Amino acid sequence: MLQHYLHGLELNKQQLLTLLSLAQKIKAHPQDFNQALAGKSVVTLFEKPSLRTRLSFDIGINKLGGHAVYLDQQNGGMGSRESVKDFALNISTWADCIVARVNEHVTLKDLAEYANVPVVNSLCDLYHPCQALADFLTLQEVHGDVSELKLAYFGEGNNVTHSLMLLAATLGTDFVAVCPKGHSPDAQIVKQAELIASANGASIQVSDRIEAAVGANAVYTDTWVSMGDNTPLKVVKDKYMPYQVNQELVDLTGASSVLHCQPAHREIEITSQVMDGPASKIIQQAENRMHAQNALLVTLLNPNFV
Ligand code: CP
Ligand code: NVA
């Protein structure tokens with residue numbers, strides 16, 4: 001039984017496929033699920049800004065008949081007004097689940113250790129596993145069987161890259177991260193993904209050469225400077241420009257779909273021509289945040305409903 005969702009590896013291939021299929025059912029027949037979280041309250045806790053995550057959880061929980069409570073850091077930050085442990089102990093007495101966007105992964109581990117309810121990672125420095133669920137739901141809708149795909153990620157090796165890579169490895173998708181030197185994904189997470197991928201007949205590759213992405217079915221990018229990183233964009237811009245997702249790059253790979261988790265910086269990591277073009281699945285991907293997360297919440301909080 002799924003207890004927490006902190007890094008994405010809590011679900012094996014079969015469980016992930018089951019969750020994605022539930023997400024498709026919820027998306028197709030929302031009325032069948034409008035009581036799935038009846039009587040359940042979910043606290044969504046944010047140490048960082050958000051548009052998609054905040055709204056997709058809040059509106060999604062509402063559509064399942066549940067109640068979402070947004071908690072930012074304005075009324076006393078975790079670990080400053082009181083400890084993470086005390087946050088977890090108190091919230092657990094009222095709520096049925098904690099969804100948390102935190103600066104450091106260790107905060108999620110602490111929340112999970114002390115909370116008596118499931119904890120879901122809605123982004124940290126290392127992972128963005130809810131994003132990856134929506135990404136693979138989108139890839140499945142667009143391309144069908146994701147184990148037949150090659151997915152190419154361009155830009156900074158970051159939290160989004162890590163989660164995408166781990167889910168690709170689990171689902172048997174070939175994955176290549178194409179990043180400038182010094183900005184590759186975390187070496188340990190790459191190693192972990194390689195091991196999982198080899199058991200699932202897939203490959204994980206890291207390269208600084210854009211040619212490594214030739215033959216990809218889908219291209220993905222994210223911001224070059226993540227939240228919490230104070231590096232001015234102009235300092236890194238020249239280094240990253242060869243990795244910009246523009247029409248020429250998409251043509252080079254041969255990919256027929258383009259993803260971006262957003263927020264996007266138009267004409268920086270992606271051009272408007274590509275973002276608004278026919279291959280872009282970026283808005284579908286944003287919509288799918290809600291359906292994928294709703295499947296996750298039903299699986300965590302009311303598994304007998306399905
Ligand atoms: N993709 C994503 O997590 O967007 P937000 O930061 O707006 O939540
Ligand atoms: N890598 C980005 C993702 C935003 C959804 C960040 O952490 O800011």
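Residues numbered from 1 in each chain as written. Chains lettered and ligands numbered in written order. Predicted model: local features only at pLDDT ≥ 70, side-chain atom pairs only at ≥ 80, totals over all residues.

Looking at an unreviewed UniProt entry, the chain carries the name Ornithine carbamoyltransferase, with the source organism given as Pseudoalteromonas ulvae. Its UniProt record gives the chain a comment under Sequence similarities (unreviewed entry), which states: "Belongs to the aspartate/ornithine carbamoyltransferase superfamily. OTCase family." (UniProt positions renumbered as here; feature names shortened; annotations may be inferred.)

Counting secondary structure elements, the chain contains eleven helices and nine strands. Compactness check: the chain gives a C-alpha radius of gyration of 19 Å against a globular reference of 19 Å for 306 residues, within 12% of the reference. When its C-alpha atoms are laid out on the principal axes, the chain stretches across 55 × 40 × 35 Å. In the chain, which comprises 306 residues, the share counted as buried stands at 49%. Contacts in the chain between residues far apart in sequence, at least 24 positions, make up 75% of those at least 6 positions apart. (Helix = DSSP H or I, 4+ residues; strand = E, 2+ residues; numbered from the N terminus. Rg over C-alpha atoms; globule rule 2.2 N^0.38 Å. Buried ≥ 20, exposed ≤ 12 C-beta atoms within 10 Å, placed from the backbone. Contact = placed C-beta atoms within 7 Å.)

A separate point is the packing of helix α2 (residues 52–63) against helix α11 (residues 282–301). Where α2 contacts α11, the axes come no closer than 9 Å and their chain directions differ by 55 degrees. The angle between α2 and α11 falls in the class oblique. Judged by the sense of rotation from one axis to the other, the crossing of α2 with α11 is right-handed. On the side of α2, the interface is formed by R52, S56, F57, I59, G60 and I61, while α11 contributes A286, R289, M290, Q293, N294 and L297. (Axes fitted to C-alpha atoms, helices over the stretch in contact; angles between N-to-C directions. Parallel < 35°, antiparallel > 145°, perpendicular 65-115°, else oblique. Left-handed = near helix turned anticlockwise from the far one by under 90°.)

It is worth spelling out the sheet that holds strand β8 (residues 218–221) at this point. The five strands are arranged β7-β6-β5-β8-β9 in an open sheet whose pairing can be described as parallel. Every other strand in the sheet has two partners, leaving β7 (204–207) and β9 (257–260) as the edge strands with one partner each. Taken over all neighbouring pairs, the strand axes of this sheet differ in orientation by 20 degrees on average, direction set aside. Strand contacts of helix α5 (residues 129–143): β8 and β9, with the helix running at about 165 degrees to β9, the strand carrying the most contacts. (Pairing = 2+ DSSP bridges.)

This part is about the site of ligand 2. Taken together, L123, N158, N159, V160, D222, T223, S226, M227 and C261 make up the full set of residues near ligand 2. When its residues are assigned to classes, the shell around ligand 2 shows four nonpolar, four polar and one charged. (Near = placed C-beta within 6 Å. Nonpolar A, V, L, I, M, F, W, Y, C, P; charged D, E, K, R; others polar.)

The next point concerns the packing of helix α6 (residues 159–171) against helix α7 (residues 187–199). Close contact between α6 and α7 brings their axes to 7 Å; oriented N to C, the two are set at 15 degrees. As the angle between them shows, α6 and α7 are arranged roughly parallel. Note that α6 runs across α7; the crossing there is left-handed. When α6 is examined against α7, the residues H162, M165, L166, A169 and T170 are found in contact with a partner set consisting of I189, A193, I196 and A197.

Note on strand geometry: in a regular strand, side chains alternate between the two faces of the sheet. Of the two faces of β8, both are covered, the one formed by A218 and Y220 as well as the one formed by V219 and T221. Across four bridges, the pairing between strand β5 (residues 150–154) and β8 is parallel. Counted as the bridge partner of L151 is A218 from β8. Looking at chain direction, β8 and β9 are connected through four bridges and run parallel. Paired with Y220 across the strands is L259, a residue of β9.

Attention now goes to the environment of Y70. Its place among the elements puts Y70 in strand β2 (residues 67–71). Residues Y70 and F57, 13 residues apart in the sequence, show an inter-C-alpha distance of 9.6 Å. Residues contacting Y70, with those up to four places away along its chain left out, are T44, R54 and D58.

So, about the site of ligand 1. In the vicinity of ligand 1, the residues found are S50, L51, R52, T53, L123, Q131, C261, Q262 and P263. In terms of residue class, the shell around ligand 1 is built from four nonpolar, four polar and one charged. Residues lining the shell around ligand 1 come from more than one domain, with at least three contributed by each of domain 1 (4–128 + 289–301) and domain 2 (130–285). (Domains from an automatic or database assignment.)

Of all hydrophobic cores here, the largest spans 100 residues; its most connected members are C97, I98, A152, M165, V219, L296 and L297. Three or more residues apiece are contributed to this core by two domains, here domain 1 (4–128 + 289–301) and domain 2 (130–285). (Core = buried A, V, L, I, M, F, W, Y, C linked by C-beta atoms within 7 Å.)

Averaged over all residues, the pLDDT of the chain is 97; the fraction at 70 or higher stands at 100%. Helix α8 (residues 233–240) is the least confidently modelled element of the chain, averaging 92 in pLDDT, while β5 averages 99, the highest of any element. (pLDDT = per-residue confidence, 0-100.)

With an omega of 5 degrees, the peptide bond between Q262 and P263 qualifies as cis. With a phi close to 125 degrees, L123 is a non-glycine residue in the positive phi region. Even without being glycine, Q262 reaches a positive phi, approximately 65 degrees.

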